[in-house]
Amino acid sequence: MALDLYSKAIEALPTEPAFYTNRRLNKICQYLLGAAVYTAIEKFEDAIKDCDRALEINAGFVKAYFRKAVALREKLDNLSAMESLKKALELEPSNEEFIKLFEETKKEYEEDNSIPVDHPERQRFEKLLVWLKEGGSIFDKLKIRYYTADYRGVHAARDIKKGETILLIPKE
């Protein structure tokens, strides 16, 4: 399997940053890079860690910033994704792919944060999300959005395969 080969390559040459960004990718990277081998991995934390490791070795490795941003978006962390994309754009300011993803991420972030944080309904909604997370709920395939004081939505954050759990709320 390709993942095993990348791991062996890292063991053999641990200072090569490219190995860290190619080893653990999520399915979006298949679209961005044509790496069909990683279509079903969805190990976003591992992808982020490998990108961080690559950046420790070479802070100018632009692919790592971009792939980190993609993984952060998959985790629905658009603010951190924008920060990573800003660094990528500092290195390659005319890269159309980076610009497009930054604009998409920024738009989504602004939509998610269009209601002031101190709005009572927004605070109530945020408390619900905290309650779900702290209570051990699992909903990583869902994006729960707060559009306006009167309108909220639940959307699939990623493809959902038959038989997958999309929402788990523990009894306790």
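Below or above, wherever it landed, is the structure these notes cover. Counting of residues starts from 1 at the beginning of each chain's written sequence and follows it residue by residue. In keeping with the model being predicted, local features are shown solely for residues with a pLDDT of at least 70 and side-chain atom pairs are shown and tallied solely at 80 or more, while totals for entire chains, interfaces and linings include all residues. No hydrogens and no water enter the side-chain calculation; it runs on all heavy atoms of the structure.

**Looking at the overall build of the chain**
Consideration 1: On a plain count of helices and strands, the chain comes out with eight helices and two strands.
Consideration 2: When the 172 residues of the chain are sorted by exposure, 39% land in the buried category. Strands are runs of DSSP state E lasting at least 2 residues, helices are runs of H or I lasting at least 4, and numbering of each runs from the N terminus. Here the term buried applies to any residue with accessible area under 20% of the maximum for its type, exposed to any over 50%, and partly exposed to those in between, with areas from a 1.4 Å probe on protein chains only.

**Topic: the side chain of Thr105**
Consideration 1: Positionally, Thr105 belongs in helix H7 (residues 96–112).
Consideration 2: Contacts: residue pairs with any heavy atoms within 4.5 Å of one another. Each residue touching Thr105, except ones within four places of it in the same chain, is listed here: Arg73, Asn78, Ala81, Met82 and Leu85.

**What about the environment of Leu132?**
Consideration 1: If you trace the backbone, Leu132 turns up in helix H8 (residues 120–134).
Consideration 2: Linking Leu132 and Leu168, residues 36 residues apart in sequence, is a C-alpha distance of 9.4 Å.
Consideration 3: Leu132 has contacts with Ser137, Phe139, Ile144 and Ile169, leaving out every residue within four places of it along the chain.

**A word on the packing of helix H4 (residues 44–57) against helix H5 (residues 62–74)**
Consideration 1: A fitted line through C-alpha atoms represents every axis, and for helices the fit uses only the stretch in contact; the resulting angles, taken between N-to-C directions, go from 0 to 180 degrees. For the pair H4 and H5, the least separation of the axes is 9 Å and the interaxial angle reads 155°. The pairing of H4 with H5 is recorded here as roughly antiparallel in orientation. Once H4 is placed against H5, the crossing between them reads as left-handed. For the pair H4 and H5, contact is made by Phe44, Ala47, Ile48, Cys51, Asp52, Ala54 and Leu55 and by Ala64, Tyr65, Arg67, Lys68, Ala71, Leu72 and Glu74, respectively.
Consideration 2: Looking at the contact of H4 with H5 residue by residue, the classes come out as 10 nonpolar, no polar and four charged. Angle categories are assigned with fixed cut-offs, so that under 35 degrees is roughly parallel, over 145 is roughly antiparallel, 65 to 115 is roughly perpendicular, and the rest are oblique. Less than a right angle of anticlockwise turn of the near helix away from the far helix marks a crossing as left-handed, whereas a clockwise turn marks it as right-handed. Amino acids outside the nonpolar list (Ala, Val, Leu, Ile, Met, Phe, Trp, Tyr, Cys, Pro) and the charged list (Asp, Glu, Lys, Arg) are all regarded as polar, and Gly is one of them.

**Regarding the packing of helix H6 (residues 78–91) against H7**
Consideration 1: Put simply, H6 and H7 touch, their axes get as near as 9 Å, and they point 155° apart. By the criterion of interaxial angle, the relationship of H6 to H7 is roughly antiparallel. In this structure, H6 meets H7 at a crossing whose hand is left-handed. Between H6 and H7, the contacting residues are Asn78, Leu79, Ala81, Met82, Leu85, Lys86, Ala88 and Leu89 on the first element and Phe98, Ile99, Leu101, Phe102, Thr105, Lys106, Glu108, Tyr109 and Asp112 on the second.

**Some remarks on the nonpolar core**
Consideration 1: Ranked by size, the top nonpolar core spans 23 residues in total, and within it Ala64, Phe66, Leu85 and Phe98 carry the most contacts.
Consideration 2: Within the residue set of this core, elements represented by two or more residues are H4, H5, H6 and H7.
Consideration 3: With eight residues, H5 is the largest single contributor of residues to this core.
Consideration 4: Put simply, buried Ala, Val, Leu, Ile, Met, Phe, Trp, Tyr and Cys residues joined by side-chain atoms within 4.5 Å make one nonpolar core. Judged by nonpolar contacts, the second largest core, of seven residues, contains Phe125, Leu129, Leu132 and Leu142.

**Overview of the packing of aromatic side chains**
Consideration 1: Ring pairs shown here join Phe, Tyr and Trp side chains whose ring centres sit within 6.5 Å, with only the six-membered ring taken for Trp; geometry is labelled stacked below 30 degrees between planes, edge-to-face above 60, and tilted in between. Summed over all chains, the structure comprises one aromatic pair.
Consideration 2: Measuring from ring centre to ring centre gives 4.8 Å for Phe66 and Phe98, while their planes differ by 25°; the resulting arrangement is stacked. Residue Phe66 is found in helix H5, and its partner Phe98 is found in helix H7; the two are separated by 32 residues along the sequence.

**What to know about the pattern of salt bridges**
Consideration 1: In what follows, salt bridge is the name for a side-chain nitrogen of Lys or Arg lying within 4 Å of a carboxyl oxygen of Asp or Glu. Tallied over the entire structure, the rule returns 11 salt bridges.
Consideration 2: For Glu83, the salt bridge is made with Lys86, and the minimal N-O distance between the two is 3.4 Å. One end of the pair is Glu83 and the other is Lys86, both in helix H6 and three residues apart, which spans about a single turn.
Consideration 3: With relative accessibility at 38%, the residue Glu83 sits in the partly exposed group.
Consideration 4: We classify Lys86 as partly exposed; its relative accessible area is 37%.
Consideration 5: Put simply, Glu104 and Lys100 hold a salt bridge, and the shortest N to O gap is 4.0 Å. With Glu104 and Lys100 both in helix H7 and four residues apart, this pair spans about one turn of that helix.
Consideration 6: When its relative accessible area of 36% is taken as the criterion, Glu104 is described as partly exposed.
Consideration 7: In this structure Lys100 comes out as partly exposed when scored by relative accessible area, which is 46%.
Consideration 8: In this structure, a network of salt bridges that share partners links the residues Arg73, Glu108, Asp112 and Lys143.

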